[in-house]
Amino acid sequence: MVTHEVPSGSTRKIKIPNVCIGLGIKCMTPFQMLRVEGARFVLETAS
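To start, this report covers the structure provided alongside it. None of these values were measured; they are calculated from a predicted model. (Residues numbered from 1 in each chain as written. Predicted model: local features only at pLDDT ≥ 70, side-chain atom pairs only at ≥ 80, totals over all residues. Heavy atoms only, no water.)

## Observations concerning the overall build of the protein
Piece 1. Tallying secondary structure elements over the protein gives 2 helices and 0 strands in all.
Piece 2. C-alpha atoms of the protein, sized along the principal axes, occupy 55 × 20 × 10 Å.
Piece 3. Residue burial in the protein is summarised as follows: out of 47 residues, 11% are buried.
Piece 4. Sequence separation of 24 or more characterises 45% of the internal contacts of the protein that already satisfy a separation of 6 or more.
Piece 5. Total accessible area computed for the protein in this model is approximately 4,400 Å², and 59% of it derives from carbon and sulfur atoms. (Helix = DSSP H or I, 4+ residues; strand = E, 2+ residues; numbered from the N terminus. Buried < 20%, exposed > 50% of the residue type's maximum accessible area, 1.4 Å probe, protein only. Contact = heavy atoms within 4.5 Å. Areas by Shrake-Rupley, 256 points an atom, 1.4 Å probe, with all protein chains shown as cover.)

Okay, structure coming up:
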């Protein structure tokens with residue numbers, strides 16, 4: 001699961017990372033996902 005949210009200690013508002021921890025699902029930030037996947041962004045110049 002990819003999200004910008006961080007785990008919360010509150011029981012009033014449950015965040016996605018808390019659910020992932022509870023279900024044993026890996027959770028990461030979008031930046032971690034891009035590193036893991038090896039994403040490369042190439043800018044081309046106009047001719």
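## Focus on the environment of asparagine 18
Piece 1. With respect to the secondary-structure elements, asparagine 18 resides in helix H1 (residues 16–23).
Piece 2. Residue class for asparagine 18 comes out partly exposed when judged on its relative accessible area of 25%.
Piece 3. In this structure the side chain of asparagine 18 is engaged in a polar contact, spanning 2.9 Å, whose partner is the backbone nitrogen of serine 8. (Polar contact = N/O pair within 3.5 Å; in protein donor to acceptor, adjacent residues only side chain to side chain.)

## Considerations on a nonpolar patch on the surface
Piece 1. Together, Met1, Ile14, Ile16, Val19, Leu23 and Ile25 give the surface a local cluster of nonpolar side chains, amounting to about 580 Å² of exposed area.
Piece 2. Counting through the fold element by element, isoleucine 14 comes out in the segment before H1.
Piece 3. Its relative accessible area of 61% is what places isoleucine 14 among the exposed residues. (Patch = residues over 30% accessible without salt bridge, like charges linked within 9 Å, V, L, I, M, F, W, Y side chains within 5 Å. Salt bridge = Lys/Arg side-chain N within 4 Å of Asp/Glu carboxyl O.)

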